[in-house]
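Descriptive analysis of the structure
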Amino acid sequence: MYSPASEPDIDIQLQELEKLTEAILTKYGYDFTNYAMSSFKRRVTMVLKKNGLSTVDQLLQKLLYDPAFFDQFVLDVTVNTTEMFRDPSFWKVLRHQILPILNTRPEFNIWHAAASTGEEVVSMAMLLKEEGMLDRAKIYATDINHVVLKKAQNLVYPGRNKDLSEQNYAQTDPKGKLEDYYQMADGDMVFDPTLIANVKFKHHDLAIDHHFFKFDLILCRNVMIYFNQKLQNRVFELLHNSLFLGGFLALGAKESLIWCKIADKFESVNDSEKIYKKIKL
Ligand SMILES: C[S@@+](CC[C@H](N)C(=O)[O-])C[C@H]1O[C@@H](n2cnc3c(N)ncnc32)[C@H](O)[C@@H]1O
C-alpha cells in the first residue's frame, strides 16, 4: 500500500533547482528562476515522488525531451487552489466600497491575473450582475497554465464545493441566491455562460510577459506568495503600468505591497482586505 511516510526523503540542493529552472527557461521560456525557492522545492519534491524519480537530473531529462510531461509539470509545480468568493469579507468590501466608484464610469476594465480555474472570475461576474454593471465591464482572465484556463471557460465546478460556495456567497450581502446562477448536472454545478460573455481568457506569464491593456481594477490574489522579492517587484511594476491613475489593485489576504520598490505609487484603500489605489504615475 502507498504510504508517503515510508518513502525515503529526497534531498534537493539549491544548485540543482537553479540548474532545473535555467534549463526550463532556455527550453520552454517559462521563468521559475525567481519563485520562492522553499515552496518551489516542496513542489519539485512532490513531482519527483509522484513520478517515481529520485534525482532532479532524472526529472530534467524527462522535462527536456517530453513536452507533454512538461505541461503536467507546470500544473503540478504551481498551486491552483481557489474557491468561489474566497475570503468573503473581501467581496463584501468590493461590493460596497469599490464597485460604486467603478459604477460612475460609462465602462470599465477588470483583470483577473493568475485566475486559476475561474471561480474568482465567476464570483466577480455575479457581483457585477447584481449591481447592474456586468454589461459595461470588459474583463480579462489570465494564467500561466493552459489547463486551468480551459477549465475556467467551461464553468463546470464539482458539486462537493457547493456548500462552501454558498456559505461564502451568503457573507457578501448577496441580492439573490447562488442557485440562481447554476444548474446541477451529473453532480456538478454548471454556471450560466452569459456570466462570462464579456470575459477574454488569455495565457499570460507574470514573470515574463508585459502589460497588454489598461485597467480600472486588477485582482492579483494568492500568487505573489510564490514569488521572491525580485519577481514581486517586477510584477508590481507590471501591475502599476497596467492600471489607470486612480485604478485599484487587490492582493491576497497574506500579501502586501508595502515592501515593494514602488510602494509610494499606491495608497491603501482597505488595509485588512489588501486593496490599494494607484496614486502616482
Ligand atoms: C493559488 S492560485 C490563485 C487563484 C485565484 N487568484 C485565487 O486567489 O483564488 C495561483 C495561480 O497562479 C498561477 N500562476 C503561477 N505562476 C504564475 C505566473 N508566473 N504567471 C501567471 N500566473 C501564474 C497558477 O497557475 C495558479 O492558477
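Conventions adopted
Residues numbered from 1 in each chain as written. Predicted model: local features only at pLDDT ≥ 70, side-chain atom pairs only at ≥ 80, totals over all residues. Helix = DSSP H or I, 4+ residues; strand = E, 2+ residues; numbered from the N terminus. Rg over C-alpha atoms; globule rule 2.2 N^0.38 Å. Buried ≥ 20, exposed ≤ 12 C-beta atoms within 10 Å, placed from the backbone. Axes fitted to C-alpha atoms, helices over the stretch in contact; angles between N-to-C directions. Parallel < 35°, antiparallel > 145°, perpendicular 65-115°, else oblique. Contact = placed C-beta atoms within 7 Å. Nonpolar A, V, L, I, M, F, W, Y, C, P; charged D, E, K, R; others polar. Pairing = 2+ DSSP bridges. Right-handed = clockwise from strand over helix to strand, strands pointing away. Expected span 1.5 Å × (residues − 1). Core = buried A, V, L, I, M, F, W, Y, C linked by C-beta atoms within 7 Å. Domains from an automatic or database assignment. Near = placed C-beta within 6 Å.

Turning next to the overall build of the protein. From N to C terminus, the protein includes 9 helices and 10 strands. Computed over its C-alpha atoms, the radius of gyration of the protein comes to 20 Å, within 12% of the 19 Å expected for a compact globule of 281 residues. Considered along the principal axes of its C-alpha atoms, the protein spans approximately 55 × 50 × 30 Å. For the protein, buried positions account for 34% of its 281 residues.

Turning our attention to the packing of helix H1 (residues 14–28) against helix H3 (residues 56–65). The contact between H1 and H3 brings their axes to 10 Å, and the two run at 5°. As the angle between them shows, H1 and H3 are arranged roughly parallel. In this structure, H1 contributes Glu16, Leu20, Ala23, Ile24 and Lys27 to the contact, and H3 contributes Val56, Leu60, Leu63 and Leu64. Of the residues contributing to the contact of H1 with H3, the split by class is 7 nonpolar, no polar and 2 charged.

Attention now moves to the sheet that holds strand S1 (residues 108–113). Pairing is mixed in the open sheet, where 7 strands are placed in the order S6-S2-S1-S7-S8-S10-S9. Bordering the open sheet on either side are strand S6 (199–203) and strand S9 (266–270), each of which pairs with just one other strand. Averaged over all adjacent pairs, the angle separating strand axes in this sheet is 20°, with direction ignored. The sheet contact formed by strand S2 (residues 137–143) and S6 spans 5 bridges and is parallel. Bridged to Ala141 within S6 is Phe201. Relative to the sheet, helix H7 (residues 146–154) contacts S2 and S6, its axis offset from that of S6 by approximately 165°. This element, helix H9 (residues 229–241), spans strand S7 (215–220), strand S8 (243–251) and strand S10 (275–278) of the sheet and lies at about 135° to S8.

Sheet topology places S7 next to S8; 5 bridges connect them, and they run parallel. Directly across from Ile218, in S8, lies its bridge partner Leu249. For the handedness criterion, the β-α-β arrangement of S7, H9 and S8 is classed as right-handed. Of the pairings in the sheet, the one linking S8 to S10 comprises 3 bridges and is antiparallel in character.

The first and last C-alpha atoms of H1 sit 21 Å apart over 15 residues, in line with the 21 Å expected at 1.5 Å per residue. Backbone geometry just downstream of H1 places Gly29 in the positive-phi region, at approximately 75°.

It is worth spelling out the nonpolar core at this point. In terms of nonpolar packing, the biggest core is built from 70 residues, with Val121, Val122, Ala125, Ala141, Ile218, Cys220 and Leu249 touching the most fellow members. Sort the elements by how many residues they give to this core and helix H6 (residues 119–130) lands first, with 7 residues. Of the domains in this structure, domain 1 (4–77) and domain 2 (88–278) are the two that each give at least three residues to this core. Beyond its immediate stretch of four places on either side in the chain, Leu249 contacts Ile218, Cys220, Leu239, Leu243, Phe266, Tyr276 and Lys278.

Attention now goes to the domain arrangement of the protein. The assigned domain composition of the protein is domain 1 (4–77) and domain 2 (88–278). Distance from the C-alpha centre of domain 1 to the C-alpha centre of domain 2: 29 Å. Counting residues at the interface gives 9 residues for domain 1, matched by 11 residues for domain 2. Residues of the side of domain 1 that touches domain 2, tallied by class, amount to 5 nonpolar, 3 polar and 1 charged.

Glancing now at the environment of Ala125. Positionally, Ala125 belongs in helix H6. Among the residues examined, Ala125 registers 25 C-beta atoms within 10 Å and is labelled buried. In this structure the C-alpha to C-alpha distance between Ala125 and Leu251, which are 126 residues apart in sequence, comes to 18 Å. Setting aside its immediate chain neighbours within four residues, Ala125 contacts Leu134, Leu195 and Ile196.

Inspection of the region around the ligand gives 21 residues, with Thr82, Ala114, Ser116, Arg221 and Asn222 positioned closest. Here the shell around the ligand is built from residues that sort into 8 nonpolar, 8 polar and 5 charged.

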